[in-house]
Amino acid sequence: MARQDAAKRRYDPKQRIAEIATATEKVIAERGIEGLTHRAVAEQAGVPLGATTYHFATKDDLIQAALQRSVDRYAAYLADWVAQRPELTPEQLTVLLTDALMGCFGPQRDVQVMEFELYLAALRRPALRPIADRFIELSVNALLPYVDPLTARTAAVATNGLTLRGLAGSTPPTRSEVEAILRRILTPNPNLPTPTTDQHAPPASITPKAPNTSKPAKAPEASKAPESPA
């Protein structure tokens, strides 16, 4: 019976697909997208090479599966984060987002680099863009319980850009710099006109990431932000 159960798990198509997608993330984390191959993924997953090409015919198919996993993970994280924090003042939100962003440059750096590589793969792969769009959309929606729609978009784009800068640059931004930028965005300014938002307009594009992410960069639990790839 144990042998039969093991065989069933081994050949379960959904399980096999999940194993290959997980292995794809690990290969990208170790080698980057340029080092991604079906053979490398098969070795990482411990499955036959033919299994990877059967379920994912092309390298782009592997990238898409890994990107979708990243987005789904970010969505679940943000839903839980917001549920645990029904109310936050602008200052509390500023501190939590800063905590999350700084974590992206430390303990979470390898994961953030992998997820941003997946996110930026959409630059030359139009088919990935609807999935990549979800990072910013999720970040914006996570911030809406605390700020108006325009501020939410601005903060989401800013955290995404700050995270990318911190990961790709020679020196990440300091905590005081990140906190000052976010405080300027999140603190209500009575001298500004009341924001108006076109409800049918698409979310603002990233300059240059849900993260999550970052991914706002993947955020605020003192470890991850409502960011954007993540």
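As shown above, the structure is provided for reference.
What you see is a predicted model; the values in this text were computed from it and never measured. Along every chain, residues carry numbers that run from 1 in the direction the sequence is written. The predicted origin of the model limits local features to residues at a pLDDT of at least 70 and limits the giving and counting of side-chain atom pairs to 80 or more, whereas totals for whole chains, interfaces and linings rest on all residues. The basis for every side-chain value is the complete set of non-hydrogen atoms in the structure, without hydrogens or water.

**Here we look at the packing of helix α5 (residues 59–83) against helix α7 (residues 109–120)**
Thinking step 1. For every element, the axis is a line fit to its C-alpha atoms; helices are fit only across the contacting stretch, and the angle between N-to-C directions ranges from 0 to 180 degrees. Helix numbering and strand numbering both begin at the N terminus, where a helix is a DSSP run of H or I of at least 4 residues and a strand a DSSP run of E of at least 2. As a packed pair, α5 and α7 sit with axes 10 Å apart at the nearest point and diverge in direction by 120°. By the angle between their axes, α5 is oblique relative to α7. As for how α5 packs across α7, the hand of that crossing is left-handed. When α5 is examined against α7, the residues Ile-63, Ala-66, Leu-67, Ser-70 and Arg-73 are found in contact with a partner set consisting of Met-114, Glu-115, Leu-118 and Tyr-119. Any angle that is under 35 degrees is reported as roughly parallel, and any over 145 degrees as roughly antiparallel; angles of 65 to 115 degrees are reported as roughly perpendicular and all others as oblique. A clockwise turn of the near helix away from the far one marks a right-handed crossing, whereas an anticlockwise turn of less than a right angle marks a left-handed crossing. Here, two residues are considered to be in contact whenever any of their heavy atoms come within 4.5 Å of each other.

**Digging into the packing of aromatic side chains**
Thinking step 1. Whether two aromatic rings pair depends on their centres lying within 6.5 Å, for rings of Phe, Tyr and Trp, where Trp uses its six-membered ring; planes under 30 degrees apart make the pair stacked, over 60 edge-to-face, and the rest tilted. All told, the structure shown has four aromatic pairs when counted by the stated rule.
Thinking step 2. Measuring from ring centre to ring centre gives 5.7 Å for Tyr-74 and Phe-135, while their planes differ by 40°; the resulting arrangement is tilted. Taken together, the residues Tyr-74 in helix α5 and Phe-135 in helix α8 (residues 129–143) connect sequence positions 61 residues apart.
Thinking step 3. Through a chain of ring-to-ring contacts, three or more aromatic side chains come together here, namely Tyr-74, Phe-116, Tyr-119 and Phe-135.

**A look at helix α10 (residues 175–186)**
Thinking step 1. Between the first and last C-alpha of α10 there are 16 Å, a value that for 12 residues agrees with the 16 Å anticipated at 1.5 Å per step.
Thinking step 2. Buried residues belonging to α10 abut α6 (90–104) and α9 (149–168). A helix's residues, less one, multiplied by 1.5 Å, set its expected span.

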